[in-house]
Amino acid sequence: MTDWRRDVLTYWFGLDPKQWWRSEPEVDDEIRQRFSKLWAEKRQLPVDAFLEDSLTALAAIVLFDQFPRNMFRDSAEQFATDHLALAIAKSAVDRGFDDNLQRQERGFLYMPFQHSEVLADQNWSVQLFTALGDDYQLGFAKKHHDLIERFGRFPHRNAILGRAPRPDEVAAGNVVPW
């Protein structure tokens, strides 16, 4: 495994799993300091560059899907490489790369489907998380799916992305999937 993949995966999976899901300024700062240059460099590459094997795809997905949510928290930039992560995830699943990963790793390989604002991706997300057999993660996949099915987008992203809320979103209040 090349150094960048090992660095990304060792760091991410070395965190306490609780740190994946909550805001911790120290973790955000560390990810920003350690990985922002790598993120900027690797995002210039084509999707195929990350489809050598399952660990390369997984490392790229963590780099493009998870790390930006820490590095650019509360900024639109946190979604800037979601499209790359999703394209890598789709190709990785199509190639059966997920079969070579541990359950926890597979959950992160599938995460870009859950972060997509496209209903077809959300349907795939629910299917993948159902097959994973992790009820905790499946619950979040279903909540994300239901928001996209209802609104066609994540209303909680509106302010960050500079989108005006629609009347149905305002009537529903601050709807977030967690």
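The name that an unreviewed UniProt entry assigns to the protein is DUF924 domain-containing protein, with the source organism given as Sphingomonas sediminicola.

1. Remarks on the pattern of salt bridges
Summed over the entire model, instances satisfying the criterion amount to 14 salt bridges. Between Arg 43 and Glu 77 there is a salt bridge, and its shortest N-O distance comes to 3.5 Å. Taken together, the residues Arg 43 in the loop between helix H3 (25–42) and helix H4 (54–71) and Glu 77 in the loop between H4 and helix H5 (82–94) connect sequence positions 34 residues apart. With a relative accessible area of 27%, Arg 43 lands in the partly exposed category. In this structure, Asp 82 engages Arg 69 in a salt bridge whose closest nitrogen and oxygen atoms are separated by 2.8 Å. One end of the pair, Asp 82, is in helix H5; the other, Arg 69, is in helix H4, and 13 residues separate them in sequence. Each member of the pair, Asp 82 as well as Arg 69, is classed as buried. One continuous salt-bridge network, built from bridges that share partners, spans Arg 153, Arg 166, Asp 168 and Glu 169.

2. Focus on the nonpolar core
One finds Phe 64, Phe 67 and Leu 109 to be the most contacted residues of the largest nonpolar core, which totals 44 residues. Those elements that place two or more of their residues in this core are helix H1 (3–14), H3, H4, H5, helix H6 (103–115), helix H7 (119–132) and helix H8 (135–151). Top contributing element to this core by residue count: H4, with 10 residues. When residues no more than four places from it in sequence are discounted, the contact partners of Phe 67 are Val 8, Tyr 11, Trp 12, Ile 31, Phe 35 and Val 62.

3. Some remarks on unusual backbone geometry
Located in the positive-phi region is Asp 74, a residue other than glycine, with phi close to 65°. Structurally, Asp 74 is set in the loop between H4 and H5.

4. Section: the packing of H3 against H4
Running from N to C, H3 and H4 cross one another at 135°; their axes reach a closest spacing of 8 Å. The angle between the axes of H3 and H4 places the two elements in the oblique class. Every pair of crossing elements has a handedness; the one defined by H3 and H4 is left-handed. For the pair H3 and H4, contact is made by Val 27, Asp 28, Ile 31, Arg 32, Phe 35, Ser 36, Leu 38, Trp 39 and Lys 42 and by Leu 63, Phe 64, Phe 67, Pro 68, Asn 70 and Met 71, respectively. Among the residues forming the contact of H3 with H4, the class breakdown is 10 nonpolar, two polar and three charged.

5. Re the packing of aromatic side chains
Taken as a whole and judged by the stated rule, the model has 17 aromatic pairs. Note on Trp 12 and Phe 108: the rings are 5.6 Å apart at their centroids and 90° apart in plane angle, and the pair reads as edge-to-face. With a gap of 96 residues between them, Trp 12 in helix H1 and Phe 108 in helix H6 connect regions that are remote in the sequence. Note on accessibility: Trp 12 and Phe 108 belong to one class, buried. Here Phe 13 and Trp 20 contribute two aromatic rings whose centre-to-centre distance is 5.8 Å and whose plane-to-plane angle is 80°, an arrangement assigned as edge-to-face. A relative accessible area of 22% means that Phe 13 is categorised as partly exposed.

Cut-offs applied
- Residues numbered from 1 in each chain as written.
- Predicted model: local features only at pLDDT ≥ 70, side-chain atom pairs only at ≥ 80, totals over all residues.
- Heavy atoms only, no water.
- Salt bridge = Lys/Arg side-chain N within 4 Å of Asp/Glu carboxyl O.
- Helix = DSSP H or I, 4+ residues; strand = E, 2+ residues; numbered from the N terminus.
- Buried < 20%, exposed > 50% of the residue type's maximum accessible area, 1.4 Å probe, protein only.
- Core = buried A, V, L, I, M, F, W, Y, C linked by side-chain atoms within 4.5 Å.
- Contact = heavy atoms within 4.5 Å.
- Axes fitted to C-alpha atoms, helices over the stretch in contact; angles between N-to-C directions.
- Parallel < 35°, antiparallel > 145°, perpendicular 65-115°, else oblique.
- Left-handed = near helix turned anticlockwise from the far one by under 90°.
- Nonpolar A, V, L, I, M, F, W, Y, C, P; charged D, E, K, R; others polar.
- Phe/Tyr/Trp six-rings, centres within 6.5 Å; stacked < 30°, edge-to-face > 60°.

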